[in-house]
Structure formats: structure tokens, C-alpha cells
Amino acid sequence: MRALTVAGFKEELYVIVPHNEMADYVRELAGCPVVHMLQGATRGLVNQRKHARGLFPPGQEMVFIDDDVSAIKMKMAGKFALVKNIHAVIDYCFEWLSSTSSLLWGVYPVANAMFMKERISVGNCYVVGAFYGIINDPRLEEPSVDECEDYVRQLSEQAAGRPPLRFECLAIDTRYFKNAGGMQSDRKPEVRKSVVATLVDTYPTIVKAKTRKDGTPDLAFLGKPVHKLLLMAAPVVSAGQSTPVAAALQEPAPHDLSGSPLPETGHTHPV
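Here is a short report on the structure shown in this document.

Conventions we followed
- Sequence order sets the numbering: in each chain, residues are counted from 1 along the sequence as written.
- Where local features are concerned, this predicted model is filtered to residues with pLDDT of at least 70; where side-chain atom pairs are given and counted, the filter is 80 or more; whole-chain, interface and lining totals use all residues.
- Remark: hydrogens and water are excluded; side-chain values derive from all non-hydrogen atoms of the structure.
- The salt bridge definition used is simple: a Lys or Arg side-chain nitrogen within 4 Å of an Asp or Glu carboxyl oxygen.
- Burial classes: relative accessible area under 20% of the type maximum marks a residue as buried, over 50% as exposed, and values in between as partly exposed (1.4 Å probe, protein chains only).
- Secondary structure elements are taken from DSSP: a helix is a run of H or I of four residues or more, a strand is a run of E of two residues or more, and numbering for both begins at the N terminus.
- Here, any two strands with at least 2 DSSP bridges between them count as paired.
- By convention, a crossover is right-handed whenever its connection, traced from the first strand over the helix to the second and viewed with the strands pointing away, goes clockwise.
- Residue contacts follow a heavy-atom distance rule, with two residues in contact if any of their heavy atoms lie within 4.5 Å.
- For Phe, Tyr and Trp, rings pair up if their centres lie within 6.5 Å, where Trp contributes its six-membered ring, and each pair is then called stacked (planes under 30 degrees apart), edge-to-face (over 60) or tilted (otherwise).

### A closer look at the pattern of salt bridges
Counted by the stated rule, this structure contains 14 salt bridges. The shortest N-O distance in the salt bridge between R166 and E168 comes to 2.5 Å. On the basis of relative accessible area, R166 is assigned to the buried category, the value being 10%. Under the relative-accessibility criterion, E168 is labelled buried at 3%. We note a salt bridge from D218 to R212, for which the minimum N-O separation is 3.0 Å. R212 gets classed as partly exposed once you look at its relative accessible area, which sits at 34%.

Have a look at this one:
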């Protein structure tokens, strides 16, 4: 939760945990400065995401963040620093999302200023499951397995003609691969290999199989993303003021759940 506190989070946070870990989280969250609602769900990442989505109506803007995220960072206007007004940043991401047919946005998976860019990538890019936003639309289906669930979600969306947006200027630091136990201990190499093979078979025109240096099966996109330059100044975001999306790019009008244009509305979303 420290990452959200540092980022200036001030709304109510929904914390979804396995039923058998509720007592541990009650102790862990004692004295937490962030107002939170603790909810128990069936064990498993996908089950917990489904539970969270079931708490809110269709059309709700939602942000998911793993408890292993230790910092949220931004590279903008030549500066690389911690995000201090997460609400302004998230509003900006949803403004972009609502101006397209897409239902999913994400961030650069690793906070490394050398590789981050002041742009958005659309499609053909990995949207890490540790921090992302969605429109709670029934067309956006949750995966059936935890392994590669972020790949499964985004590939299904891209194949449906709703490629996700990735904000290359935003990234996270995470302890995910360093922390033992939890859901990490539930994952097995043979399951990942099977899921990767299935995804390649299902989306042969979008991804291909590859192997990481450590031998882990993984995916690579066949095509390149479409890039859009951002028109956002870091000082404006850090001050919490609203920043308009670049109208010159002539994005489609915002959509409702059927894909029809909707008038502009304010943004409210749980994290």
C-alpha cells in the first residue's frame, strides 16, 4: 500500500484476498492510512479479479494493482520520478481509453527510464497484470487459468478488434519475482508451457512462442504496435489538474457497452 500512499491515493481501496488469508491481511493492514474495504474471495488471481469486477456495475472504470507493486513512476518532459497524483494520471489514462474502442490499458512493465518513452503503444505490446485499468464491460472476458492471465486477457481483446493501450511513460517497481510463496508458489512450469502453446495456436497471427534466457516459455508479438505521442506535461499531472487528450489525433467518440458513441462524462473508478 505504500506505493499508493506515496502516489497520493485518497479514495477507497478494495483489497481482494483469499478467504484463508483474511486474518493475515487484517493484521497487515492495521493502521493503514488508506481507507480500504477488505473482501475475501476464492483463491486464485483470476477468481479474485472476477470477484472484484462483480462488485461494480457494467461500464465502471476499474484499476487493478497487485500488492507487490512498490512504486509507480513516470517519465515525462525529460524527467523520471515517482507519481505523486495518481488520480490525475489515472483520469488521463481513462480519457485516452474512452476515446477509443478499447477496454484495457496498461503501463510499461519495468520502471527503467532508458527504455520508457513519452508515447502510447496500441496493440502488439505486453500489458502486465500487476497494474492496469479496464472498462467493466462483459465483452472483456476474464481468463480461465491464472498462468499468463494477462496475456490471455489482452490477446482476446486484440483479436476482438479492441487492442489494449500501453502508456510507455508509466511504469512500476515490483517485488513480484522476489517474494516467495503466495500465488507464485501455485505456478508450475509445465502449466505455463501448455498455456503458451495454446495461445500460439489460438492467435497464430498475433504471437509466436519464444524462450527466455532462463528457459521459461514466453510469447513474442509478430507485429509492431501503433505509437501515439503524448501531449501531457509532468508538472500539470503532479499538480492534479486535468489535461485534455490531444484532439488533433481525431480519435473515435467514447463508447458505451455496445460500442455506440456516448457523451463525455466524469471519471469515477475504484482501485
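### Observations regarding the pairing of strand β1 (residues 13-18)
Sheet faces and side chains relate simply in a regular strand, where the side chains alternate between the two faces. Across the six residues that make up β1, a large majority, five, are buried. Where β1 and strand β2 (residues 36-41) come together, six bridges link them in parallel fashion. Bridging from a neighbouring strand, V15 pairs with L38 of β2. Taking the sense of rotation as the criterion, the β-α-β connection linking β1, helix α2 (residues 22-28) and β2 turns out right-handed.

### Examining helix α5 (residues 149-159)
Counting buried positions over the 11 residues of α5 gives nine, a clear majority of the element. For α5, the full list of buried residues reads E149, D150, Y151, V152, R153, Q154, L155, E157 and Q158. Elements that come into contact with the buried residues of α5 comprise α3 (45-54), β6 (104-108), β8 (131-135), α6 (189-202), β10 (207-211) and β11 (217-221). G161 lies just past α5 and shows a positive phi near 90°.

### Brief notes about the packing of aromatic side chains
Per the stated rule, a full pass over the model turns up seven aromatic pairs. Centroid distance F64 to Y132: 5.2 Å. Interplanar angle 15°. Geometry classified as stacked. Of this pair, F64 sits in strand β3 (residues 61-65) while Y132 sits in strand β8; the two residues are 68 residues apart in sequence, bridging distant segments of the chain. Y132 sits in the buried class, given a relative accessible area of 1%. For the pair W105 and F167, a centre-to-centre distance of 5.9 Å together with 90° between the ring planes defines the contact as edge-to-face. You can see W105 sitting in strand β6 and its partner F167 sitting in strand β9 (residues 165-174), a full 62 residues away along the chain. According to the relative accessible area criterion, F167 is buried, its value standing at 0%.

### Structural notes on the environment of M1
One can find M1 in the segment before α1 (2-6). Judged by its relative accessible area of 28%, M1 is partly exposed. Sequence separation of M1 and I65 is 64 residues, and the distance between their C-alpha atoms is 9.7 Å. The residues contacting M1, other than those within four sequence positions of it, are L13, V15, L29, C32, V34 and H36.

As far as function goes, none of this settles anything; it's purely spatial.
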